[in-house]
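Structural overview for review
What follows is each chain in one-letter form.
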Amino acid sequence: MEFSHIIVRYGELTLKSGNRNEFLKKLTKNIRYNLQGLTGFHVQTKRDRMYIHLDHNEDVQEIMERLKKVPGIHNFSPVLRAGLDVEEAKKIIDRLLETKLDKEYKFKIQTKRPNKNFPYNTNELNNVFGSHVLINYKNLKVNVKQPDFIINVEVRSEGIFIFTDFIKGVGGFPVNTSSKALLLLSGGIDSPVAAHTLQVKGVEVEMIHFQSPPFTSAEALQKIFDLTIKLSQVVGRIKLHVVNFTKLQTEIVKRVPSNYTMTSTRRFMLRIAEEVAKKEGCLAIATGESLGQVASQTLESMNCINEVTNLPVLRPLLTMDKVDIIKIAQEIDTLEISNLPFEDCCTIFTPKAPKTKPRLEKIKGYEARDDYSDLIAETLDSVETYLFDKNGRVVTQDMREQEVKKEEKDDFSGLL
């Protein structure tokens, strides 16, 4: 079927008032980015809806697949459009019902009329279109309570839009409409899902990864690169900070009793992350921790670990079950990468019996025995920063300037 438009609905964005226009401009830019490489469409953004005008349907299925992944979209519908004429709308309904001739179906007409100047009200339109279907399609019967499908009719100033499907989006807010957070990205399943969860709420996420070569491999670092590239699919690009943690981590293992090394390691990670976050203008640190999942994720452990930083520590997966986290990892296509068997620095020195209820005064006492300031400074000097886009390229300043010059003008004619 040749659709004329895709109508995009905003969901949580409708709660915005004073800054809604800026959110919508950002969403439009994000959609354009995600539809790069596809042709035959034009985006028109209005306050209550976005219209993707389709010049042809060659790429429409791929357009819809990509729209499913764009934060800020509540749902969308491929539609057929008629002019503001009832007879023309009946012909459009006939086109829509071409796939409903094979057996008996129950249907319902559901009309909305934002265009209050249209001469028919919603009840009259329901009757007109319902009668047309019943007269011309003997295999279709009305059932308003349990229909097999609904013929949705929206009478707007731009025309009459007719459709049957609402396709679910990820919801939330457009990416990078909120401030920045620095997320501790390990090679596991949880932290990429945490990053995605924050992205959906509009947070601009930068990544920090701690490696300990030669205990961690080049393959383990490549895994982190691949996860970062995957997470850049809908946001355009992501900055990744890689920390050489070997020297500091081995000293922690030497100096701190084994049952407290995990707690101390996480505390030093947060110390390093806080310095990077401040340098990058991030207002929070984020992790993929889920309550009680491992020894370092009890409330007692979190309390001891948080004590070293004044920045908020966001844990978007805190109360989620592992099965739900895995499901999201599958949906965002990070699960297969996360399952690659390359160890990160959190697993290589795992003690046999880590403290699940560490005491703050004890860990502070262990760490006070030695001066770590030079090791912390050396570790911070080791940080290497990469800026990845979805194609796996390290983005340079020249590339960014070229993209700005080529950026297509967006149609915001209906925003004000």
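Keep in mind that this is a model prediction, so the values were computed, not measured. (Residues numbered from 1 in each chain as written. Predicted model: local features only at pLDDT ≥ 70, side-chain atom pairs only at ≥ 80, totals over all residues. Heavy atoms only, no water.)

Quick look at the nonpolar core
- I6, L67, I151 and I162 are the most contacted members of the largest nonpolar core, which has 45 residues in total.
- Broken down by element, the residue count for this core peaks at five residues, all from helix α3 (residues 86-96).
- Apart from residues lying up to four places away in sequence, I151 is in contact with I93, L96, L97, F107, K108, I109, Q110, V133, I162 and F163.
- Ranked by size, the runner-up nonpolar core spans 33 residues in total, among them A181, I224, V242 and L335. (Core = buried A, V, L, I, M, F, W, Y, C linked by side-chain atoms within 4.5 Å. Buried < 20%, exposed > 50% of the residue type's maximum accessible area, 1.4 Å probe, protein only. Helix = DSSP H or I, 4+ residues; strand = E, 2+ residues; numbered from the N terminus. Contact = heavy atoms within 4.5 Å.)

Some words on the UniProt feature "domain: THUMP" (unreviewed entry) in the protein
- In the numbering used here, UniProt assigns the feature "domain: THUMP" (unreviewed entry) to residues 61-166.
- Taken end to end, residues 61-166 comprises 31% helix and 30% strand; its first and last C-alpha atoms sit 14 Å apart. (UniProt positions renumbered as here; feature names shortened; annotations may be inferred.)

Let's talk about the packing of helix α8 (residues 258-280) against helix α13 (residues 360-368)
- Between α8 and α13, the least distance of the axes is 11 Å, while the angle of their chain directions is 75 degrees. As judged from the angle between their axes, α8 and α13 are roughly perpendicular. Taken together, the residues of α13 that come into contact with α8 (itself represented by Y260, T263, S264, R267, F268 and R271) are L360, K362, I363, K364, Y366 and E367.
- Looking at the contact of α8 with α13 residue by residue, the class counts come to five nonpolar, two polar and five charged. (Axes fitted to C-alpha atoms, helices over the stretch in contact; angles between N-to-C directions. Parallel < 35°, antiparallel > 145°, perpendicular 65-115°, else oblique. Nonpolar A, V, L, I, M, F, W, Y, C, P; charged D, E, K, R; others polar.)

Some points on unusual backbone geometry
- Here the amide bond leading from P213 into P214 is cis, since omega sits at 5 degrees, within 30 degrees of zero.
- Relative to the assigned elements, P214 resides in the loop between β11 (204-211) and α6 (218-231).
- With phi around 65 degrees, N176 is a residue other than glycine that occupies positive phi space.
- Tracing the backbone through its elements, the reader meets N176 in the loop between β9 (167-168) and β10 (180-184).

Concerning the pattern of salt bridges
- Taken as a whole and assessed by the stated rule, the structure comprises 23 salt bridges.
- Residues E62 and R66 are paired through a salt bridge, measuring 2.8 Å at the closest nitrogen-oxygen approach. Of the two residues, E62 and R66 are both situated in helix α2 (residues 60-67); the distance of four residues between them amounts to about one turn of the helix.
- The class for R66 is partly exposed, based on a relative accessible area of 22%.
- With a closest N to O distance of 3.5 Å, K364 and E307 form a salt bridge. In this pair, K364 is assigned in helix α13 and E307 in the loop between α9 (299-306) and β14 (313-314), connecting sequence segments 57 residues apart.
- A single salt-bridge network, built from bridges that share partners, covers R9, D48, R49, E154 and R156. (Salt bridge = Lys/Arg side-chain N within 4 Å of Asp/Glu carboxyl O.)

Some points on the confidence of the model for the protein
- On average, the protein scores 90 in pLDDT, and the residues at 70 or more come to 93%.
- This model gives residues 397-407 a pLDDT under 50, and the stretch forms eight contacts once residues within four places in sequence are excluded. (pLDDT = per-residue confidence, 0-100.)

Things to note about the UniProt feature "binding site: ATP" (unreviewed entry) in the protein
- Residues annotated by UniProt as "binding site: ATP" (unreviewed entry) correspond here to L184, L185, H209, F210, R266, G288 and Q297.
- Residue position: H209 is located in strand β11.
- Among the residues examined, H209 registers a relative accessible area of 5% and is labelled buried.
- Aside from chain neighbours lying at most four places away, what touches H209 is L185, S186, L221, I224, L240, H241, V242 and V243.
- Structurally, R266 can be placed in helix α8.
- Given the relative accessible area of 15%, R266 is considered buried.
- Residues contacting R266, with those up to four places away along its chain left out, are T287, E289, S296, I305 and C346.

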